[in-house]
Amino acid sequence: MRRTRTLAGIGIATVALFALTACNSGTPSDPGGDGGDGGDAGSSTPWEVATDVSLDGSPTFDAMVERDGVIIGVKEDQPGLGYLDVTSGDRTGFDVDIARWIAASLGFDEDQIEFKPIASANREQAIVNGDIDYYVGTYSINDKRKEQIDFAGPYFVTGQGLLVAKDAPEATKLEDFNGKTVCSATGSTPIQNIKANFPDIKTQEYDLYSACVEDLISGKVDAVTTDQAILIGYAAQYPDDVKVTGGLFTEERYGVGLPKGDDVLRDHINTLFTDGGDVWQQIFDNNLGDSGIQVEQPAVDAY
Ligand code: GLU
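Definitions and limits used
Residues numbered from 1 in each chain as written. Predicted model: local features only at pLDDT ≥ 70, side-chain atom pairs only at ≥ 80, totals over all residues. Heavy atoms only, no water. Buried < 20%, exposed > 50% of the residue type's maximum accessible area, 1.4 Å probe, protein only. Helix = DSSP H or I, 4+ residues; strand = E, 2+ residues; numbered from the N terminus. Polar contact = N/O pair within 3.5 Å; in protein donor to acceptor, adjacent residues only side chain to side chain. Pairing = 2+ DSSP bridges. Near = heavy atom within 4 Å. Areas by Shrake-Rupley, 256 points an atom, 1.4 Å probe, with all protein chains shown as cover. Nonpolar A, V, L, I, M, F, W, Y, C, P; charged D, E, K, R; others polar. Disulfide = S-S within 2.5 Å. Contact = heavy atoms within 4.5 Å. Phe/Tyr/Trp six-rings, centres within 6.5 Å; stacked < 30°, edge-to-face > 60°. Axes fitted to C-alpha atoms, helices over the stretch in contact; angles between N-to-C directions. Parallel < 35°, antiparallel > 145°, perpendicular 65-115°, else oblique. Left-handed = near helix turned anticlockwise from the far one by under 90°.

By the burial criterion, the buried members of helix α5 (residues 189–197) are T189, P190, I191, N193 and I194. In this structure S188 caps α5, since a side-chain oxygen of it lies 3.4 Å from the backbone nitrogen of I191.

Below, the structure written as structure tokens:
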């Protein structure tokens, strides 16, 4: 199937909370400049909207073309990664920009994107049901999930970490929380790790990590555990209340969740990541350049 799109409206770059630089050699598009669902990449974008995109044999792409839009599952309570500012309506974050970059590579501009917030526990089902075309939101690639869906990527690597109260002693290992209560999101790899391997740690679960952070600040739990990249965002949001402690206890490789068997779409996204020049780095710098996170773009795993 062939389709033609024009470049999104050329807009004036706006400055985002996390923006450092947004130089690019091509003509920048302004994803927030023409409305969309209120989203805003927050700075001039390092990608362009593709034209004449052809993905023969991808049922997911066919559905996007049919509805003239793309539906992307995301997180929206994770500052720096996937965040919705409910006051301004701006959607920001590394994952959200990766999602936008993929949409642009498929020929869709910002006003053709519908972002759907989906909690960790509901991701596979949302993809299987066809509620979303793809998911970009701190989604670790693992074999259990691969039974139901496929992953493009990885596009980012982090690991399980710990967030504690600002005045709590530093922790070095998960066992430091034996007999204490640690909070994480239902269906996430960190809560699964705690339950399977640390039986002496008590757990509190919510759909959203932001609920765990609220409990930590109010003293109801002793720590929040999930990927350190997520926790660094909360520590930046509440610098007087919480801090990241300890190291990385696992390796979490983030992938783009896709309907199982759509190899054409998976190959397309993997090729985008592999041949995307410095776009990944610019997305990283724009969203996480100030965060202290140091990570290089990982090689894709074309399994
Ligand atoms: N990356 C982990 C996972 O996919 C934790 C973060 C999350 O819940 O999204 O389960």
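With that settled, the discussion passes to the sheet that holds strand β4 (residues 77–78). Pairing between sheet strands relies on hydrogen bonds along the backbone, with the strands arranged either parallel or antiparallel. Ordered by their spatial adjacency, 3 strands build an open sheet running β4-β5-β6, and the pairing between neighbours is antiparallel. Here the strands that pair on one side only, and so sit at the sheet edges, are β4 and β6 (91–92). As paired elements, β4 and strand β5 (residues 82–84) share 2 bridges and run antiparallel to each other. Of the residues in β5, the one forming a bridge with Q78 is G82.

Around the ligand there are 17 residues in total, and K75, S120, T138, Y209 and D227 lie nearest to it. Between the ligand and Y209, the relevant distance is 2.6 Å, taken from an oxygen atom to a side-chain nitrogen or oxygen of the residue. The side chain of D227 places a nitrogen or oxygen atom 2.6 Å from a nitrogen atom of the ligand. Here the ligand, which alone exposes 280 Å², has 100% of that area covered by the protein. Within the residue set of the shell around the ligand, elements represented by two or more residues are α5, β13 (223–227) and β15 (252–259). Broken down by class, the residue content of the shell around the ligand amounts to 5 nonpolar, 7 polar and 5 charged.

Turning our attention to the state of the cysteines. Summed over the entire model, instances satisfying the criterion amount to 1 disulfide. Bridging C183 to C212, the disulfide has an S-S length of 2.1 Å. Between C183 and C212 the disulfide shows an S-S torsion of about -70°. By sign, it is left-handed. You can see C183 sitting in strand β11 (residues 181–185) and its partner C212 sitting in helix α6 (residues 209–217), a full 29 residues away along the chain. Each of the two residues, C183 as well as C212, counts as buried.

A separate point is the environment of D150. As for its position among the elements, D150 is in strand β9 (residues 149–158). D150 gets classed as buried once you look at its relative accessible area, which sits at 6%. Put simply, D150 and E124 are 26 residues apart on the chain and 9.6 Å apart in space, counted from C-alpha to C-alpha. With residues near it in sequence (within four places) discarded, D150 still touches V256, G257, L258, P259, K260, G261, D262, D263, R266 and Y303. Separated by 2.8 Å, the side chain of D150 and the backbone nitrogen of G261 make a polar contact.

Since one α-helical turn is 3.6 residues long, residues separated by three or four positions face the same way. Residues Y209, S210, C212, V213, D215 and L216 constitute the buried set of α6. Immediately downstream of α6, the backbone of G219 shows phi near 80°, a positive value.

Our focus in this paragraph is the packing of aromatic side chains. Each aromatic ring pair is described using two quantities: the centre-to-centre distance and the angle formed by the ring planes. Throughout the structure, instances matching the rule amount to 11 aromatic pairs. For the ring pair W101 and F273, a centre distance of 5.8 Å and an interplane angle of 45° mean the geometry is tilted. With W101 in helix α2 (residues 94–105) and F273 in helix α8 (residues 263–275), the pair connects residues that are 172 residues apart, well separated along the chain. The class of F273 is buried, set by a relative accessible area of 3%. Among the aromatic residues, those joined into a cluster by ring pairs are F94, W101, Y155, F156, Y254, F273, W280 and F284.

Assignment of secondary structure puts I232 in helix α7 (residues 228–237). Spatially, the C-alpha atom of I232 lies 9.8 Å from that of V242, the residues being 10 residues apart in sequence. Not counting the four nearest positions on each side in its chain, I232 is found in contact with V244, S291 and I293.

Between α2 and α8, the shortest axis-to-axis distance is 11 Å and the interhelical angle comes to 110°. In terms of axis orientation, α2 runs roughly perpendicular to α8. Between α2 and α8 the crossing geometry is right-handed. Facing α2, whose interface residues are I98, W101, I102 and S105, α8 presents H268, I269, L272 and F273.

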